[in-house]
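Listed below, chain by chain, are the residues.
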Amino acid sequence: WHFNWTGDMSYVRNMWQVLERHLAWEKRNFDPDGDGLYDAYASIWASDALQYSSGGVTHSSAYNYRANRMAAEIARKIGKNPKPYASEADKILKSVNKNLWLRDLGYWAEYKDFMGHKRIHPNAAIWTVYHAIDSEVHDVFQAYQATRYVDTEIPHIPVRARGLKDEGYAVVATTNWLPYSWSINNVAFAEVNHTALAYWQSGRYEEAFKLLKSSILDGMYLGASPGNFGQISFYDAARGECYRDFGDPVGVASRALVQGLFGICPDAMNERWVIRPGFPDKWDHASITTPDVAFTFNRKHMTDIYLIEKVKHNLELLLKARTDRIVSLTVNGKKAAWSLEQNAAGYPLVKIKGDRNAEGAFHIQVVWGGKPLEQPEYAPKGATGGKWTLKSSGKILKLYDPQTVLTSQTSGKKTLTGTLRGKNGHRTLFVLLEQGEMQWWQPVHVEITDKYGIEYFDPEAPALRFAVRNHTLSALSGSLRVNPGNNVYTVAIKVPAGNLSAAVEVPDGKAIAGANRIEIWVGGKIAYQTTVTAWNIRSTVKEEQIALDKWMNASVSQIFKNEYLSPRSPYTTLQIPTQGIGEWCHPLMTADIDDSGLRTSAKNGLLSTPLGISFRTPSDAQAPNIIFTSLWDNYPETVTVPLRGKASHAYLLMAGSTNHMQCHVINAVVAVEYTDGSTERLELVNPETWTPIEQDFYVDGQAFRFHAPRPYRVHLKSGLVSRNLQKDLNISGVYGRPIDGGAGIILDVPLNNRKDLKHLRLTTVANEVVVGLMGVTLVR
């Protein structure tokens, strides 16, 4: 950026060897396998506790893409060989798009594992989005889609105060990862401001300004140090407002203001200045003066006037179109031409060029006319397989559907129709529109749902009660089955299109504690199926505890006493310490797991629980009491336990490790296979269905969220079985939340009691974790 601002080619030449040697060092250390994806080694603000174990990381790959692309450009100017840098930049970009851009979801993954199954970690942090955009690894469509990911998947925390009108102000957390660790899930001013800059760089001016203003209100106006940008926000659940003397946000807040809001992006090495003002639509004036440029904007009715001074190079001004026609345009009093920026997303982008002049001043006047730009009409939400229509007053020229939201689409001059498909969630497609003199790609936001859904469900109620939502455009007429099998509850179901059914009350004895399977049948086929989890249901069942002694290979208390030495990356990287817990910046962290209470509570080898379910677990203090699996060489990756007969449910007592780097990915899989080859699967995903043995999750419904009812946990030191260890063990705080002695977790799998069981298989699939099975109880 310094080179871009100054254009000082003498300094560029003096610094060439530094750039040359540094890029070679980056390549040697962080892309040693030459795949074009770079590891991240403490390379961004949120470096503490980020440890990618030589994985291919979006933000560091983006850094190196831009560095190599710029190096190639510099090399051409100073007579050096640009080819190695241009080739490396091309390689990085291709590899990022192939491996890390999630096409059907519309954003970049956080990273791809180097080790193990080389899996993708999809839930990106905001630093992944803004660094990728800032380093220009995107096209306009990717940038827009990625900021939509921030809109819909990253926690937004409202900024509120007495006397402050609620206009939707909110700051964003850096991630949606659990458990909390410092710099992993915070509300930090620099991070919020850089995200605002990314919105401006993506052309989303209104959203960018609201985010920046929210941050300014948070720190400068409502904070305990007025007028200051500190490091951490009041809205940070772990730290609150702290580190007020840290200057972290100053640089990027300046960039958000100058390069974002005012859109001043010099390219002095190429003797041009690009200015793309990012003002909110309602603004009618603005001005800024820096050592390099003075910029004033005024609007009077339909006339916009821009005065740009002190510019020593050619000017390129990019303006968001107000209407569908330009009546007149002058630059320094002379009639000037204009053109449309290709592939502008969200609105037409008018490009105006001005040649350098002796005064270094550009007086630009634009008179707008014609009609306001119309927005198309469409349903913002629809069910998979449902018909969907978009109507536009402007002409529809083309559809670009990068996430494959539509199938069987047809397009006319004013109407686009198709059938919705793709993954559930918020999706984006683009329609090229033409109105008057203007053309632009209009983003279209559609939330895709299943055809049917379960609502009005209280997971804490002692009975199973819910309603069925019909998301389709047709009436639902069929049958509802709860826990299909020999004890199935069946009821007819009729729901008008787009409506909610009457409440469904499942009788006592037909529902079960834990996961209850629900099926909707239409025309003799399953049209929808899901499970709902209700741990407070009580029922009397016939249970059988499975003997696991033969397969047990450790005591649960041993988990952090091992040394996990292989497999590990042979390269320079940051990774989990050898005891299997902690972070690179806390290499000696550990937890004392004490299973004495579990063993003494297991009367005659049986542990009773409030569920009415018992687990067989050894009482002998010396006996192994867990089957550990892991990708570490210490334990097998997979263990298979034979089963027999029929059962309607399997309850599991489990324990093991996980961490924030393995959040929102499958850590392990429990598969129950029948003799006919079919299988039931329980995916252990942090945080919904898998928890760290040493701590309790902090959940506040904002930056830290669960999307499932809290499971039962078993306190190993006392034998207590509880769904609220925070209360029962007096656990407080956000960071660490240690459980004295550790805790296991109770999970369950609904089964088909008309089929014969063959075996249960536990397989660990995530790096860094150890996953263990302590007990299996079948409902016969």
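What counts and how
Residues numbered from 1 in each chain as written. Predicted model: local features only at pLDDT ≥ 70, side-chain atom pairs only at ≥ 80, totals over all residues. Heavy atoms only, no water. Helix = DSSP H or I, 4+ residues; strand = E, 2+ residues; numbered from the N terminus. Rg over C-alpha atoms; globule rule 2.2 N^0.38 Å. Buried < 20%, exposed > 50% of the residue type's maximum accessible area, 1.4 Å probe, protein only. Contact = heavy atoms within 4.5 Å. Areas by Shrake-Rupley, 256 points an atom, 1.4 Å probe, with all protein chains shown as cover. Lys, Arg positive; Asp, Glu negative; His and termini not counted. Charge placed at Lys NZ, Arg CZ, Asp CG, Glu CD. Pairing = 2+ DSSP bridges. Phe/Tyr/Trp six-rings, centres within 6.5 Å; stacked < 30°, edge-to-face > 60°. Lys NZ or Arg CZ within 6 Å of the ring centre and 35° of its normal. Axes fitted to C-alpha atoms, helices over the stretch in contact; angles between N-to-C directions. Parallel < 35°, antiparallel > 145°, perpendicular 65-115°, else oblique. Left-handed = near helix turned anticlockwise from the far one by under 90°. Nonpolar A, V, L, I, M, F, W, Y, C, P; charged D, E, K, R; others polar. Polar contact = N/O pair within 3.5 Å; in protein donor to acceptor, adjacent residues only side chain to side chain. Patch = residues over 30% accessible without salt bridge, like charges linked within 9 Å, V, L, I, M, F, W, Y side chains within 5 Å. Salt bridge = Lys/Arg side-chain N within 4 Å of Asp/Glu carboxyl O.

Caption draft 1: Focus on the overall build of the protein. A count of helices and strands for the protein gives 11 helices and 46 strands. A compact globule built from 780 residues would reach a C-alpha radius of gyration of about 28 Å, and the protein, at 29 Å, matches this within 12%. Projected onto the principal axes, the alpha-carbon positions of the protein cover approximately 95 × 60 × 55 Å. Counting across all 780 residues of the protein, residues that qualify as buried make up 55%. In the protein, once contacts between residues fewer than 6 apart in sequence are set aside, the share between residues at least 24 apart is 66%. Only carbon and sulfur atoms are counted for the fraction: they give 50% of the accessible area of the protein, which is about 32,300 Å². Taking the average location of the 84 positive side-chain charges in the protein and that of its 78 negative ones, the two points are 6 Å from each other.

Caption draft 2: The sheet that holds strand β23 (residues 406–411), seen in detail. With respect to topology, 4 strands assemble into an open sheet ordered β19-β21-β24-β23, the strand pairing being antiparallel. The two strands at the open ends of the sheet, each matched to only one other strand, are β19 (377–378) and β23. Direction of pairing for β23 relative to strand β24 (residues 415–420): antiparallel, over a ladder of 4 bridges. Counted as the bridge partner of Leu 406 is Leu 420 from β24.

Caption draft 3: Representation of the packing of aromatic side chains within the structure. Applying the stated criterion across every chain yields a total of 38 aromatic pairs. Ring centres of Phe 262 and Phe 279 lie 5.3 Å apart, and the angle between their planes is 85 degrees; this geometry places the pair in the edge-to-face category. Taken together, the positions of Phe 262 in the loop between α9 (248–261) and β8 (264–267) and Phe 279 in the loop between β9 (272–275) and β10 (285–289) put the pair 17 residues apart, joining distant regions of the chain. By the burial criterion, Phe 262 is buried, and Phe 279 matches it. Ring-pair connections join several aromatic residues into one group, and the members of that group are Phe 209, Phe 262, Phe 279, Trp 283, Phe 295, Phe 297 and Tyr 306. The ring of Trp 521 carries the charged tip of Arg 481 above its face, separated from the ring centre by 3.9 Å. Of note, Arg 723 hangs over the ring of Tyr 712, and the distance from its end group to the ring centre comes to 6.0 Å.

Caption draft 4: A look at the sheet that holds strand β30 (residues 489–495). In space, the 4 strands of this open sheet follow the order β30-β29-β32-β33, with antiparallel pairing throughout. The sheet terminates laterally at β30 and β33 (525–534), the two strands that pair on one side only. Geometrically, the sheet is characterised by an average inter-axis angle of 25 degrees between neighbouring strands, direction not taken into account. Pairing of strand β29 (residues 476–482) with strand β32 (residues 514–522), which is carried by 4 bridges, proceeds in the antiparallel orientation. The residue of β32 that forms the bridge with Ser 479 is Trp 521.

Caption draft 5: Focus on the packing of helix α6 (residues 140–153) against helix α7 (residues 189–201). At a closest axis distance of 9 Å, the pairing of α6 and α7 adopts a crossing angle of 135 degrees. Classified by the interaxial angle, the pair formed by α6 and α7 is oblique. The element α6 and its partner α7 pack so that their crossing is left-handed. Counted together, Thr 147, Val 150 and Asp 151 of α6 and Thr 195, Ala 198 and Tyr 199 of α7 form the full contact between these two elements. Looking at the contact of α6 with α7 residue by residue, the classes come out as 3 nonpolar, 2 polar and 1 charged.

Caption draft 6: Region of interest: the environment of Asp 620. Mapped onto the elements of the fold, Asp 620 is located in the loop between β36 (614–616) and β37 (627–630). For Asp 620 and Ser 596, which are 24 residues apart along the polypeptide, the C-alpha to C-alpha distance reads 9.7 Å. Here Gln 622 takes part through its backbone nitrogen, which lies 3.0 Å from a polar atom of the side chain of Asp 620.

Caption draft 7: Main features of the side chain of Thr 449. Tracing the backbone shows Thr 449 in strand β26 (residues 438–449). With sequence-adjacent residues up to four places away left out, Thr 449 is seen in contact with Lys 381, Gly 382, Ala 383, Thr 384, Asn 424 and His 471.

Caption draft 8: Examining unusual backbone geometry more closely. Note that the residue after Ser 566, namely Pro 567, is joined by a cis bond; omega there is -5 degrees. With respect to the helices and strands, Pro 567 occurs in the loop between β34 (543–546) and α10 (596–601). Residues Asn 686 and Pro 687 are joined by a peptide bond in cis, for which omega reads 10 degrees. As for its position among the elements, Pro 687 is in the loop between β41 (679–685) and β42 (713–715).

Caption draft 9: A look at the pairing of β41. Inspection of the sheet shows strand β40 (residues 666–674) paired to β41 by 7 bridges, in the antiparallel sense. Pairing of Glu 673 across the sheet is with Thr 679, part of β41. Connecting β40 to the antiparallel partner β41 that follows it, the hairpin turn spans 4 residues, and Gly 677 within it adopts a positive phi of roughly 95 degrees.

Caption draft 10: Focus on a positive patch on the surface. A grouping of Lys 165, Lys 210, Lys 213 and Lys 282 is seen on the molecular surface, where their side chains present a positively charged patch. Tracing the backbone through its elements, the reader meets Lys 165 in the loop between β6 (156–158) and β7 (170–172). The class for Lys 165 is exposed, based on a relative accessible area of 61%.

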